[in-house]
Structures are given as C-alpha cells and as structure tokens.
Amino acid sequence: DSIRISRIIPKWTPQHDLRFSIGTPSEVVEYYLFDYPWSSSQFDKQMEISDSYAGNRWFLGAYSLSYTYQPKRWFQFGGTVAVAATTQSRFDNITNTKVETYNQYAVSIMPTMRFYYMNRELVQLYSAVSLGVLITHSNTAPYGDITLLGCSVGRSLFGFAEIGTGVGGYSRIGIGYR
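All of these numbers come straight from a predicted model, not from anything done at the bench.

## With respect to the packing of aromatic side chains
(1) Moving on: Summed over the entire model, instances satisfying the criterion amount to eight aromatic pairs.
(2) Moving on: Each ring, one from Phe75 and one from Phe115, has its centre 5.5 Å from the other, and the planes form 45 degrees; the classification is tilted. Highlighted residues: Phe75 in strand 3 (residues 75-92) and Phe115 in strand 4 (residues 98-119), separated in sequence by 40 residues.
(3) Moving on: Look at Phe75 and you get buried, because its relative accessible area is 17%.
(4) Moving on: Geometrically, the ring pair formed by Phe158 and Phe160 is tilted, given 6.2 Å between the ring centres and 45 degrees between the ring planes. Like Phe160, Phe158 is buried.
(5) Moving on: Feature note: the residues Tyr69, Trp74, Phe75, Phe77 and Phe115 constitute an aromatic cluster, connected by ring pairs.
(6) Moving on: When the ring centre of Tyr126 is taken as reference, the NZ or CZ atom of Arg114 above it lies at 5.5 Å.
(7) Moving on: Between the NZ or CZ atom of Arg178 and the centre of the ring of Phe158, over which it lies, the distance is 3.9 Å.

Encoded structure:
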C-alpha cells in the first residue's frame, strides 16, 4: 500500500584534486598592493615637485594552485598557493618616457579545508577555508582565505567557479583534475 523509493549511494573512494584558478582583485590587492607606497600623501607631494609623474597602476591578476585529498565524500584537506600582482610606471615630465617600473606581489601559502554540501557525480557545491601566511615585499603576516560558495562541474577534468575572499580574488574561475 505504501511506495518506497530508495537511492543506492555508491561506496566512496578517496580521491586527489588539483586545481588552477584565475581571480579578480580582492582586499589583498586593495590593501597591500594598491595603497603602498605610491598612493601616500608624502609621495604625492614629492611628485608635485619632482621631474616625473606616476602612471596608472594595473592589476596583473590573481592566480592560485591547490592540491587536496578527499578521504570522505563531504571533506577535503590540502594546501593552496596564491599570487596577486600589480605594476605601475613613473614617467619623465618633459619627455614622457618611462623612468621606473614598480611591481608588487603578494603570495600566500595556506593549508586548506573544503566542505561539500552536495557531491554528485557531475556537480559539487562546497565552501572552503584556508589559514596560513601572506608574504609581500615588505610584510609577512597571518592570513586567511574563505570560499563562501563554490561549484564544480565535471568528472575527472572539471571546471569550477567560486565566490569568496583572499589572495585568489573575490571571484575565481578555474580548471581542475581529480
């Protein structure tokens, strides 16, 4: 008299996951790379009386590489390395020729944990947290990275998109292999 519907969930096999992503600017770029040193008021005053001027500052990208191991259907752990970079040039006031280029980089090295909300054969939804160290040309500090929501699509070779914060950017897209 009653209908019973059951779903067979296959036994989980642990797997490895390698990802590469490209991201948008984040608070790391805003705070560590855009504010120092050429945007200071002291620098602006020096530029007013100098024989050169600063050009636009350009964001060169945020890139990350991560490896994780997934022992459980809902949990992964591993590590992430992320890099963000900017560049800016100074030009001669009279000839408009470039006299100096200033490149800045921020690198983070962090252990990573990823938690899955949904883990199907083709589509996965997850969040992640990473805590580690951020290294810039003038500073080394504890740092964290959070993925609020991520979605990966594919089997062995997959694409993914994430929304979060950190050196990797506020939003990230990438490819991976498991």
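## Structural notes on the pairing of strand 2 (residues 52-72)
(1) Moving on: For strand 1 (residues 15-23) and strand 2, the ladder comprises nine bridges, and the chain directions are antiparallel. Bridging from a neighbouring strand, Gly23 pairs with Ala62 of strand 2.
(2) Moving on: Taken together, the 16 bridges between strand 2 and strand 3 define a ladder with antiparallel strand orientation. Each bridged residue has a counterpart across the sheet, and for Tyr63 the counterpart in strand 3 is Val83.
(3) Moving on: The turn linking strand 2 back onto strand 3 is made up of two residues.

## Observations regarding a nonpolar patch on the surface
(1) Moving on: Residues Leu18, Phe20, Ile22, Tyr63, Leu65, Tyr67, Ile173 and Ile175 make up a contiguous nonpolar surface patch of about 760 Å² in total accessible area.
(2) Moving on: Secondary-structure elements contributing two or more residues to the nonpolar patch are strand 1, strand 2 and strand 8 (171-177).
(3) Moving on: Inspection of the secondary structure puts Phe20 in strand 1.
(4) Moving on: Look at Phe20 and you get partly exposed, because its relative accessible area is 37%.

Cut-offs and rules
Residues numbered from 1 in each chain as written. Predicted model: local features only at pLDDT ≥ 70, side-chain atom pairs only at ≥ 80, totals over all residues. Heavy atoms only, no water. Phe/Tyr/Trp six-rings, centres within 6.5 Å; stacked < 30°, edge-to-face > 60°. Helix = DSSP H or I, 4+ residues; strand = E, 2+ residues; numbered from the N terminus. Buried < 20%, exposed > 50% of the residue type's maximum accessible area, 1.4 Å probe, protein only. Lys NZ or Arg CZ within 6 Å of the ring centre and 35° of its normal. Pairing = 2+ DSSP bridges. Patch = residues over 30% accessible without salt bridge, like charges linked within 9 Å, V, L, I, M, F, W, Y side chains within 5 Å. Areas by Shrake-Rupley, 256 points an atom, 1.4 Å probe, with all protein chains shown as cover. Salt bridge = Lys/Arg side-chain N within 4 Å of Asp/Glu carboxyl O.

Geometry only, nothing functional implied.
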